[in-house]
Amino acid sequence: NRGVRLTKSIDGIHWSKYLQCELRGDDLLKPWHIDVQQYGDAYWMMMFDVDENLLSCYQSVSGIVWDKVTDVLRPSGKRHDFYGESLYRACSVKVEERIWIYFSAQNELKSSIGLLQTSDWKSFKHISPIIPVRYVFITKCQLLHKDAILFWKRSKKCIKRLLGL
């Protein structure tokens, strides 16, 4: 049974007992990979639902009770679209007043990292793949400064750090 749990640490060695998080808005949710960021007074979570092959967005003030904001993206179903067959993990960073959401996607030919942008978490501007290569999955991203984002990718052979816009 999959779920999301919260635990805290001051030193990274000693951790509190975990608390089970409540995810409201989808009773049949099967979370697989999550990315949580704090923007302003709220926490925002990008989540991949493995059974639904779906990226969704949740918001929380406490970090324990999460409300579904929207379904962000499903595979297009078009064979040659870079996100035609499946999605995987996503992560987000805030760049000025916009949220950039990087996501892993696949079609039958290759894996890619795509980019979505939003300012309101309701409407998303789709940007074509930024890294179309075989066997690549994004694992985490962070803002270095206003012009550069550092993100890690996992491939079948190695872990690399890439600098991208």
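In this text, all values refer to a predicted model and were calculated from it rather than measured experimentally. (Residues numbered from 1 in each chain as written. Predicted model: local features only at pLDDT ≥ 70, side-chain atom pairs only at ≥ 80, totals over all residues. Heavy atoms only, no water.)

Engineer: What is the right way to look at the overall build of the protein chain in this model?
Structural biologist: From N to C terminus, the protein chain includes zero helices and 14 strands. In sequence order, the secondary structure elements of the protein chain are arranged as β-β-β-β-β-β-β-β-β-β-β-β-β-β. The proportion of buried residues among the 165 residues of the protein chain is 41%. Long-range contacts, defined here as pairs at least 24 residues apart, represent 34% of the contacts in the protein chain between residues at least 6 apart. As displayed, the protein chain offers around 9,800 Å² of accessible surface, 51% of which is attributable to carbon and sulfur atoms. (Helix = DSSP H or I, 4+ residues; strand = E, 2+ residues; numbered from the N terminus. Buried < 20%, exposed > 50% of the residue type's maximum accessible area, 1.4 Å probe, protein only. Contact = heavy atoms within 4.5 Å. Areas by Shrake-Rupley, 256 points an atom, 1.4 Å probe, with all protein chains shown as cover.)

Engineer: Would you mind going over the environment of Ile101 with me for this structure?
Structural biologist: Its place among the elements puts Ile101 in strand S9 (residues 98-106). A relative accessible area of 0% places Ile101 in the buried class. Distance from Ile101 to His126, taken between C-alpha atoms, is 9.7 Å for residues 25 residues apart in sequence. Residues in contact with Ile101, not counting those within four places in the same chain, are Met46, Ala90, Cys91, Ser92, Gly114, Leu115, Leu116, Thr118, Trp121 and Phe124.

Engineer: I tried to follow the nonpolar core on my own but got confused; where do I start?
Structural biologist: Generally speaking, soluble globular proteins have nonpolar side chains that are buried together. With 19 residues, the main nonpolar core has Leu55, Leu73, Leu87, Phe103 and Trp121 as its most contacted residues. Every element with two or more residues in this core is listed here: strand S5 (42-49), strand S6 (54-60), strand S7 (65-73), strand S8 (86-95) and S9. Once you skip the residues sitting within four places of it in the chain, Leu87 turns out to touch Phe48, Asn53, Leu55, Leu73, Arg74, Pro75, Phe103, Ser104 and Ala105. (Core = buried A, V, L, I, M, F, W, Y, C linked by side-chain atoms within 4.5 Å.)

Engineer: Explain the pairing of S8 here, please?
Structural biologist: Consecutive residues of a regular strand have side chains that alternate between opposite faces of the sheet. Buried residues dominate S8, accounting for eight of its 10 residues. With eight bridges joining them, S8 and S9 adopt antiparallel strand pairing. Considered in S9, the bridge of Cys91 is made with Tyr102. A loop of two residues connects S8 with S9, the two strands running antiparallel in sequence, and Glu96 in this loop sits at a positive phi of about 55°. (Pairing = 2+ DSSP bridges.)

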